[in-house]
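Each chain, letter by letter, is given below.
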Amino acid sequence: MNSSRVRVGVVGASGYSGLELLRILAYHEGVEVTYAAGSRNGTEPLRDSTPFLPESIASLRTESFHPDRASDLCDAVFVGLPSGASGAIALELWKRGKTVIDLSGDLRLPKGAYESWYKKEALVQHPKDVGAVYGLTEWNRTQIQSARLIANPGCYATAALLALLPVVRSGLARSGMPIVIDAKSGVSGAGRKPAQNTLLGELQENFYAYKVGAHQHTPEIQTQLGLSDPASIVLTTQLLPTVRGIFISAYIPVHTPISADDVMVLYQNAYEEEPFIHVHPPGRYPELKHVRGSNLCHIGFHVHTAPGLLQVFSVIDNLQKGAAGQAVQNFNLIYGFPETTGLRVSPMYP
Ligand SMILES: NC(=O)c1ccc[n+]([C@@H]2O[C@H](COP(=O)([O-])OP(=O)(O)OC[C@H]3O[C@@H](n4cnc5c(N)ncnc54)[C@H](OP(=O)(O)O)[C@@H]3O)[C@@H](O)[C@H]2O)c1
């Protein structure tokens, strides 16, 4: 083992987010992947269970999680289990002095909101009580740099917040009228666990809404936008017959008059220096294939002058900027690596 590298582990390594983390971390020049936990593949070496992963980590075995093993073998751990299981493991490792990035929703919300939207018992009164920092990298850099426990944002929340924050923070959005977020995801957003509604026969050539009025990312988006009224957000989540990608169309009632140039300036001010965010000029709009397989977020917009409505589009790859990519971006910040380390990948096209 190269002792100058950060020793990292992935818990949930047999899941989609965990596998994406391994895919990124295997080529990260500052880390040594020393631990992988997740029961689906027993103790088979990754070489056998996931032959598409690179040779550098092929001999690693995916083992059942044990906090002692994780603590002994790792400086930092990414935890990507379902909400309800993930946060407890993240907290256990954080208490043992590890740097932890939790990909679940367990440490993103205060107790009341968590329990009413996730229908599970909260682990903490408030994530701040354990120093958990919300890991929306572009908007929380200073806090992330000095954190040891990161609540990595949800995939829909990442796409929505990156699109909406410049507008809401500018004061351009009109209060008292909801922001409507029409959100669509590829099926890998539902995870690897088999379910009837994600079968090829159900999804191919189909398209449907789910969890309408009940999606758990609603309060995450609302609180991170700094909006106190839960009714200020209407989120509709829908499943696309694709594997990767999130496409958001958001409708924001705005004070008029505004021009497309005004809006472009807002986005340029927010994101001009950002390596992973690309803002399309007026008249051009993002597509899923602009970001697939990469940590990029592409944003576009249109001003509907007459009703005073700003329409904003954003696209991300749910497993990259929506999960593993952003988690590594946060890890890079914490350990002082250039933020793009391990993440300089062009999207796959077509
Ligand atoms: N998929 C996305 O696009 C995405 C985006 C952002 C955030 N997230 C979040 O990331 C986390 C992982 O999501 P995913 O989509 O990668 O899920 P997934 O593909 O279903 O993988 C879940 C992983 O957790 C393990 N696991 C399941 N139940 C467990 C339990 N009760 N105790 C211990 N381990 C358990 C699984 O192990 P087995 O192999 O044994 O089943 C697997 O390794 C979730 O909290 C999700 O909300 C996902």
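Fair warning: this is a prediction, and the values are worked out from it, not measured in the lab.

Caption draft 1: Looking closely at the packing of helix α5 (residues 111-118) against helix α9 (residues 217-224). In the contact formed by α5 and α9, the axes pass within 9 Å of each other and the chain directions differ by 150 degrees. The pairing of α5 with α9 is recorded here as roughly antiparallel in orientation. Two secondary-structure elements touch here, α5 through A113, W117 and Y118 and α9 through H217, T218, P219 and E220.

Caption draft 2: Highlighting the sheet that holds strand β11 (residues 246-253). Read across the open sheet, the 7 strands follow the order β9-β10-β8-β11-β14-β13-β12; overall the sheet is mixed. The open sheet is flanked by β9 (208-210) and β12 (277-279), the only strands paired with a single partner. Each neighbouring strand pair of the sheet contributes to a mean axis angle of 25 degrees, computed without reference to strand direction. Bridge count between β12 and strand β13 (residues 297-304): 3 bridges; the pairing is parallel. By the bridge assignment for β13, V279 is matched with I299. Against the sheet, helix α7 (residues 155-170) makes contact with β8 (179-185), β9, β10 (233-239), β11, β12, β13 and β14 (309-316), and its axis sits at roughly 35 degrees relative to β11, the strand it touches most. In the packing of helix α10 (residues 260-271) onto the sheet, contacts are made with β12, β13 and β14, and the angle to β13 comes to roughly 155 degrees.

Caption draft 3: Representation of the sheet that holds strand β5 (residues 99-102) within the structure. Strand order in this open sheet of 7 strands is β3-β2-β1-β4-β5-β7-β6, and the pairing throughout is parallel. Every interior strand has two partners, whereas the edge strands, β3 (62-63) and β6 (132-134), have only one. Direction of pairing for strand β1 (residues 6-11) relative to strand β4 (residues 76-79): parallel, over a ladder of 4 bridges. Bridge pairing in β4 links V8 to A76.

Caption draft 4: Examining the domain arrangement of the chain more closely. According to the domain assignment, the chain contains domain 1 (6-153 + 321-335) and domain 2 (156-318). A separation of 25 Å is found between the C-alpha centroids of domain 1 and domain 2. Opposite the 23 residues of domain 1 that make contact, domain 2 presents 34 residues. Summed over both sides, the interface between domain 1 and domain 2 buries roughly 2400 Å², with carbon and sulfur atoms accounting for 58% of that surface. The interface formed by domain 1 and domain 2 includes 3 salt bridges. Residues E274 and R141 are paired through a salt bridge, measuring 2.7 Å at the closest nitrogen-oxygen approach. Counting across the interface, domain 1 meets domain 2 through 13 residue pairs in polar contact (both at pLDDT 80 or more). Among the secondary structure elements, those contributing two or more residues to the side of domain 1 that touches domain 2 are α1 (16-25), α5 and α11 (320-335). In terms of residue count, the dominant contributor to the side of domain 1 that touches domain 2 is α11 (6 residues). Of the residues in the side of domain 1 that touches domain 2, the class split is 11 nonpolar, 5 polar and 7 charged.

Definitions and cut-offs
- Residues numbered from 1 in each chain as written.
- Predicted model: local features only at pLDDT ≥ 70, side-chain atom pairs only at ≥ 80, totals over all residues.
- Heavy atoms only, no water.
- Axes fitted to C-alpha atoms, helices over the stretch in contact; angles between N-to-C directions.
- Helix = DSSP H or I, 4+ residues; strand = E, 2+ residues; numbered from the N terminus.
- Parallel < 35°, antiparallel > 145°, perpendicular 65-115°, else oblique.
- Contact = heavy atoms within 4.5 Å.
- Pairing = 2+ DSSP bridges.
- Domains from an automatic or database assignment.
- Buried area = accessible area lost by both parts, 1.4 Å probe.
- Salt bridge = Lys/Arg side-chain N within 4 Å of Asp/Glu carboxyl O.
- Polar contact = N/O pair within 3.5 Å; in protein donor to acceptor, adjacent residues only side chain to side chain.
- Nonpolar A, V, L, I, M, F, W, Y, C, P; charged D, E, K, R; others polar.

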